Amino acid sequence: MCRHLAHVGPTPVTLASLLTEPEHSLLVQSYAPSDMRGGGTVNADGFGAGWYVSELRGYSTEVRSHTEPVLYRRDDPMWTDASFLDVARGVETTALVAAVRSATVGMPVSTAACAPFRADGLLFSHNGVVRGWPDSMADLAATLPALDLLTLEAATDSALLWALVRARLSAGKDVADAVAGVVADTLAAAPGSRLNLLVGDGGQIVATAVDHALSYRTHPDGAVTVASEPLDPDPSWVPVPDGSLLVARPGGVHDPPSVAVSPL
Ligand code: GLN
């Protein structure tokens with residue numbers, strides 16, 4: 001099963017400080033994950049990182065008003081991309097979503113199948129599997145506009161889940177409601193699915209833990225990191241209870257903690 005991570009905070013941090021430098025970074029989790037559950041030993045079928053550009057000094061107004069996050073994806077293992085590992089040391093952001101992929105058997109290995117997926121200023125990742133896909137999802141897929149199905153980024157369960165989330169957002173739901181609705185509908189259609197979803201919009205993270213590992217950590221400045229596996233042995237990592245939806249914003253939502261966890 002893939003591993004993913006999201007971060008949101010008040011101050012910029014380097015991509016490397018989350019993705020490559022910690023002792024159990026996403027890079028380490030790509031070749032030595034410790035809590036895979038449900039199969040797979042490495043996450044070698046690609047990786048991706050999407051991050052929000054806080055400020056583009058010296059660019060044209062047109063570029064400055066660009067709100068889509070930057071996206072970097074490859075269908076090779078993260079550890080083989082020396083240039084990305086180097087660039088990560090020099091790129092700063094206040095918000096990112098990143099993932100390393102272990103393709104589910106029967107699903108394509110391609111860059112387009114690697115999370116995060118990006119649309120309308122959002123980044124999405126799915127860690128898990130939809131049982132019985134695609135047949136189990138036929139009825140839910142049929143609720144989507146034909147164009148959404150024809151333009152699915154990849155023939156994977158994750159790409160379909162992302163289309164379902166976006167359809168709910170288009171219908172006016174907020175991110176947390178859209179994600180919770182897709183998880184509930186998918187569990188009804190495909191019981192036993194593993195549905196750790198992650199959506200970032202630059203200002204908040206919405207994540208679910210459904211039959212898969214997930215933890216979060218609040219940093220002293222109010223930043224929050226959510227990850228499949230803790231990035232280090234720091235005792236401030238909190239495991240997210242199974243069957244939870246978590247909404248994280250910098251500085252916190254309520255007191256305590258700065259992350260609200262509610263049952264799905
Ligand atoms: N099923 C998804 C895919 O194949 C996610 C895989 C995973 O979590 N290992 O891309």
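As the structure is a prediction and not an experimental result, all values here were calculated from the model.

Q: With reference to specific residues and values, describe the overall build of the protein.
A: When you go through the protein residue by residue, the secondary structure sums to eight helices and 13 strands. Among the 264 residues that make up the protein, the fraction classed as buried is 51%. Taking all contacts inside the protein whose residues are at least 6 apart in sequence as the whole, residues at least 24 apart take part in 69%. A total accessible area of about 11,200 Å² is found for the protein, and carbon and sulfur atoms account for 54% of it.

Q: Just give me the short version of a nonpolar patch on the surface, but keep the residues and values in it.
A: A contiguous nonpolar patch, built from Tyr 31, Val 42 and Trp 79 and spanning about 280 Å² of accessible area, is present on the exposed surface. Among the structural elements, Tyr 31 can be located in helix H2 (residues 26-31). On the accessibility criterion, Tyr 31 (43% relative accessible area) is partly exposed.

Q: Describe the site of the ligand, with residues and values.
A: Close to the ligand lie twelve residues, the nearest being Cys 2, Arg 101, Ser 102, Thr 104 and Gly 128. In the environment of the ligand, a nitrogen atom lies 2.6 Å from a nitrogen or oxygen atom belonging to the backbone of Cys 2. Compared with its free state, where it exposes 290 Å², the ligand has 98% of that area covered by protein. Contributions of two or more residues to the shell around the ligand are made by strand S6 (122-129) and helix H7 (157-170). The element contributing the most residues to the shell around the ligand is S6, with three residues. Broken down by class, the residue content of the shell around the ligand amounts to four nonpolar, six polar and two charged.

Cut-offs and rules
- Residues numbered from 1 in each chain as written.
- Predicted model: local features only at pLDDT ≥ 70, side-chain atom pairs only at ≥ 80, totals over all residues.
- Heavy atoms only, no water.
- Helix = DSSP H or I, 4+ residues; strand = E, 2+ residues; numbered from the N terminus.
- Buried < 20%, exposed > 50% of the residue type's maximum accessible area, 1.4 Å probe, protein only.
- Contact = heavy atoms within 4.5 Å.
- Areas by Shrake-Rupley, 256 points an atom, 1.4 Å probe, with all protein chains shown as cover.
- Patch = residues over 30% accessible without salt bridge, like charges linked within 9 Å, V, L, I, M, F, W, Y side chains within 5 Å.
- Salt bridge = Lys/Arg side-chain N within 4 Å of Asp/Glu carboxyl O.
- Near = heavy atom within 4 Å.
- Polar contact = N/O pair within 3.5 Å; in protein donor to acceptor, adjacent residues only side chain to side chain.
- Nonpolar A, V, L, I, M, F, W, Y, C, P; charged D, E, K, R; others polar.

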